[in-house]
Amino acid sequence: MALKLPRLPSIRDLTRIYNLGAKQQLSQNFIMDKNITDKIVRLARLELDNALCVEVGPGPGLLTRSLLDGGARHVVAVEKDERFGPTLDQLRAASQGRFATVFGDMLTIDHASIAACARQQLGSDDTARFEHVHLLGNLPFNVATPLLVQWLHMLAQRQGIFGAAPVSMTLMFQLEVGQRIVADAGESARGRLSVVAQSLCDACSIYTVPASCFVPRPRVNAVMVQLRPLARPLLKSSLRTVEHLARFVFVKRRKMLARIFKDWDAGHVRLLEECGIDPTWRPQDVPTALYCDLAALIEQRGIRLP
């Protein structure tokens, strides 16, 4: 049976008591309705038995509450804004030893500090024993894409928290960015992020969150995207080469690949044909697997992308 938190003051009351207004410079937007965060956790279908949950940017802690009420037994939050110390401390005290916080910037933090927190504060002898690691967060829109790209590179190289158990990522993005991440071949939203993410993960949207659900209200809707590592990644080269290739072609997304490659070097058009890519396709038409084949061929032959 899932563990439940005791009755706590509402997040809305806590933000008023501690004067925790959202900081525009940190691109903060809070969800105040626990029905929404409960739904996010439910739709994420996380394997919580013997799992470590790492929440990025918990803010006042509403998604954290939903995780703990959903049965999570090991939750480490990484928070940049130390103003949230009192509300997160209150949550830690109520969690029966299931929750701890590390203060720092997730873009620069040493992931060893997350593992150390799990060991020291949550009573875990070794994070490698977890069968699952779940990375979650209502990410600030201004750093969501850089964080995702950084984590994908770490996943490809099995670094940090991505070095042991399989790591799923359930993350909030602006709707337009989320649509790019999950877009399949042939869809207009497809771009660099689609190819880079799908070379390693199965990506899907699990819940669209209207702008009206956030405080303060952003100008755009948001979407929760889940990325789970592929059992057999499509990546056959360095992720950097795939990312460079995708950036190169999608800058000229309206052109056919034959024209893009001719403008680069007419002799390189044959690379497309060797990988089974129709030169009349446009960048969004190419499946991720074929991009990975092309990146591997370019890397193997030592060809330098523009």
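Note that this is a predicted model, so its numbers are computed, not measured.

Undergrad: Explain the sheet that holds strand β2 (residues 51–56) to me, please; I cannot follow it from the model alone.
TA: Adjacent strands of a sheet pair through backbone hydrogen bonds, lying either parallel or antiparallel. Strands sit in the order β4-β3-β2-β5-β6-β9-β7 across an open sheet of seven strands; the sheet is mixed. Every interior strand has two partners, whereas the edge strands, β4 (99–103) and β7 (201–209), have only one. In this sheet, neighbouring strand axes are inclined to one another by 20° on average, regardless of whether the strands run parallel or antiparallel. Helix α2 (residues 34–44) contacts β6 (167–174), β7 and β9 (222–229) of the sheet and is inclined by roughly 155° relative to β7. Contacts from helix α6 (residues 141–157) reach β2, β5 (132–137), β6, β7 and β9, with the element oriented near 160° to β6.

Undergrad: Explain the state of the cysteines here, please?
TA: Joining two cysteines, a disulfide is a covalent bond between their sulfur atoms. This structure, assessed with the given rule, holds zero disulfides. Sulfur of C53: no disulfide; nearest cysteine sulfur belongs to C117 and is 13 Å away. No disulfide involves C292; its sulfur sits 11 Å from the nearest other cysteine sulfur, which is in C275.

Undergrad: Whenever I open this one, helix α12 (residues 288–300) confuses me. Can you help?
TA: For an α-helix, the turn length of 3.6 residues means that residues three or four places apart are oriented alike. The terminal C-alpha atoms of α12 lie 18 Å apart, and with 13 residues this matches the ideal 18 Å at 1.5 Å per residue to within 8%. Residues T288, L290, Y291, C292, L294, A295, A296, L297 and I298 constitute the buried set of α12. Residues of α12 that are buried in the fold lie against α8 (192–198), α9 (239–250), α10 (257–264) and α11 (269–274). With its phi angle positive at about 65°, G302 sits one or two positions after the end of α12.

About the cut-offs
Residues numbered from 1 in each chain as written. Predicted model: local features only at pLDDT ≥ 70, side-chain atom pairs only at ≥ 80, totals over all residues. Heavy atoms only, no water. Pairing = 2+ DSSP bridges. Helix = DSSP H or I, 4+ residues; strand = E, 2+ residues; numbered from the N terminus. Axes fitted to C-alpha atoms, helices over the stretch in contact; angles between N-to-C directions. Contact = heavy atoms within 4.5 Å. Disulfide = S-S within 2.5 Å. Expected span 1.5 Å × (residues − 1). Buried < 20%, exposed > 50% of the residue type's maximum accessible area, 1.4 Å probe, protein only.

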